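Working through the structure, step by step
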Amino acid sequence: MLDLDIEQFWRDDELAHKDNCFSKEAPQVALGIRMSGECVFAELGEEGQPWGYTSPERRYDLNCRYNEKARQIVGKALLPENKPLPPEKRPKVTIPAYRQIGEVFGGKYVFDGNTTWLKGTMNGEEDLKKTLASVRKMVNDPEAFRNFVLPGDWDERCKAVYELYGKRPRQFTGIRGPVTLATSVFGVEDLLFLYYDDEELFTEFADVIGDVVLAYIKLFIKESGNTLETFKHAFQFNDDDSNLMTPDMYHVFGYKVLKRVFEFACPNPEDYRYQHSDSAMGHLIPQLADFNLTGCNFGPTVTVQEIRKYMPRTRIDGQLAPFTFMRNVEADIIAEVRRDCEAAKENDARGLNLTTAGSINNGSLLTSMRCVMATIQKYGRY
């Protein structure tokens, strides 16, 4: 195991995150890994559903025990310790759930015992045409759209929450990306073949997705108590399936949606724009570079140099493979982290926030996080 001065590491890491990880004051590559709530089960030898439901009482116990171990191994607590309130002190009313974007296109969110998946109900092009016509009609009628998305008791409950706790609904600042949304509600093969069979319908699908995303954004600007002059400028897409498209396909589908949404929701250079696509989507980077992203999280086969070639000022959240981190083989972790640190130091590029190129999964141990820290301290000094 590599040597690690934990106290020095965290002092240096605080500086490393300044200026979106591009600060010239940074002594080393920034560490983005803070683990996840999924990791408590393997770390503590406990049974559980990492993606499923864990009661607040058990979650509090697991997180507290995990944090005690984390303080010993990596020098700080990592997970929130939210002690459940007694019944008499719990909120009397909460902001209700609303219909999600997949439901606008007829999709169903189905829990399979482990996690929730968006399942489509459309079958073929004729179904798609009918759905798009129906959705476009609804989106063009703001009152009808609001009535579909929000439950009937929305106004009453939101008013009560505000009067009791001073809280309003949040803005709408992110979705599954347009390609992943479309493959979920229409089907992977059906969507890809549609480009060749009926490009006009293919691009209309993208247009309607863009219409719906903008309708959600505008609806929740108002519901959050903001206006077009005061709302927070930020948006994030999580589009793992974007890699399935060729550059030509993506340009008339995903790119088109991102362009419309970013231009409305976060048009200024300093605004927050983010893309997560933890897949082999390196062929799309030249297009995504047009959006001057604040940060990105791409798949493990995409290299720091490849991203930096087109995105010189985008923070790179990556590029350690999640399965390498989860397998906990130190030599493999050191090799990948060293590779990325050295890439970040090429021509003093900086801007690397070293984390996994995708999710941090159950099975990833605190000793592996410590290994990443030690590797940064040895090989990631600027």
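In what follows, the structure referred to is the one given above.
Before going into details, it helps to say that this report is about the structure given with it. (Residues numbered from 1 in each chain as written. Predicted model: local features only at pLDDT ≥ 70, side-chain atom pairs only at ≥ 80, totals over all residues. Heavy atoms only, no water.)

Residue placement: Glu-330 occurs in helix α16 (residues 330-345). Classification of Glu-330 by relative accessible area gives partly exposed; the value is 29%. Along the sequence, Glu-330 and Arg-370 sit 40 residues apart, while their C-alpha atoms lie 9.9 Å from each other. With near-sequence residues (within four places) excluded, Glu-330 lies in contact with Met-1 and Cys-371. (Helix = DSSP H or I, 4+ residues; strand = E, 2+ residues; numbered from the N terminus. Buried < 20%, exposed > 50% of the residue type's maximum accessible area, 1.4 Å probe, protein only. Contact = heavy atoms within 4.5 Å.)

The next thing to look at is the packing of aromatic side chains. Considering all chains together, one arrives at 21 aromatic pairs under this definition. On the basis of an interplanar angle of 85° and a centroid distance of 5.0 Å, the ring pair of Tyr-195 and Tyr-196 is categorised as edge-to-face. In this structure Tyr-196 comes out as exposed when scored by relative accessible area, which is 58%. On the numbers, 4.9 Å between centres and 45° between planes, the contact of Phe-202 with Phe-253 is tilted. A residue pair is termed long-range when its members are at least 10 positions apart, and Phe-202 in helix α10 (residues 199-223) and Phe-253 in the loop between α11 (247-251) and α12 (254-265) qualify at 51 residues. A network of ring pairs unites the aromatic residues Tyr-98, Phe-145, Trp-154, Phe-172, Tyr-216, Phe-220, Phe-235, Phe-237, Tyr-255, Phe-262 and Phe-291 as a single cluster. Over the aromatic face of Trp-10 sits the side chain of Lys-76, whose NZ or CZ is 4.0 Å from the ring centroid. When the ring centre of Phe-148 is taken as origin, the NZ or CZ atom of Arg-99, which lies over that ring, is 4.3 Å away. (Phe/Tyr/Trp six-rings, centres within 6.5 Å; stacked < 30°, edge-to-face > 60°. Lys NZ or Arg CZ within 6 Å of the ring centre and 35° of its normal.)

Before going further, it helps to spend a moment on the packing of helix α9 (residues 188-197) against α10. Running from amino to carboxyl end, α9 crosses α10 at an angle of 130°, the nearest separation of the two axes being 6 Å. Considering the angle they form, α9 stands oblique to α10. Touching Leu-191, Leu-194, Tyr-195 and Asp-197 of α9 are Glu-199, Leu-201, Phe-202 and Phe-205, all from α10. A class-by-class count of the residues in the contact of α9 with α10 yields six nonpolar, no polar and two charged. (Axes fitted to C-alpha atoms, helices over the stretch in contact; angles between N-to-C directions. Parallel < 35°, antiparallel > 145°, perpendicular 65-115°, else oblique. Nonpolar A, V, L, I, M, F, W, Y, C, P; charged D, E, K, R; others polar.)

For the rest of this paragraph, the subject is the pairing of strand β6 (residues 272-277). Buried residues dominate β6, accounting for five of its six residues. Where β6 and strand β7 (residues 295-298) come together, four bridges link them in parallel fashion. Considered in β7, the bridge of Tyr-274 is made with Gly-295. (Pairing = 2+ DSSP bridges.)

Attention shifts here to helix α3 (residues 56-73). Across its 18 residues, α3 extends 25 Å between first and last C-alpha, which sits within 8% of the 26 Å expected from 1.5 Å per residue. What α3 keeps buried is the set Leu-62, Asn-63, Tyr-66, Asn-67, Ala-70 and Ile-73. In a view along the axis of α3, the buried residues occupy a sector of 135°, so they form one face of it. On its buried face, α3 is in contact with α1 (6-16), α2 (40-44) and α17 (366-379). Within two residues after α3, Gly-75 carries a phi angle of roughly 90°, on the positive side. (Expected span 1.5 Å × (residues − 1). Arc of directions from axis to C-beta.)

Our focus in this paragraph is the pattern of salt bridges. For the structure on display, the rule yields 24 salt bridges. As a salt-bridge pair, Arg-146 and Glu-223 come within 3.0 Å of each other at their nearest N and O atoms. Residue Arg-146 is found in helix α6 (residues 142-149), and its partner Glu-223 is found in helix α10; the two are separated by 77 residues along the sequence. Overall, Arg-146 belongs to the partly exposed group, its relative accessible area being 24%. Here Arg-157 ties to Asp-153 by a salt bridge, and the two come within 3.3 Å at their closest N and O atoms. (Salt bridge = Lys/Arg side-chain N within 4 Å of Asp/Glu carboxyl O.)

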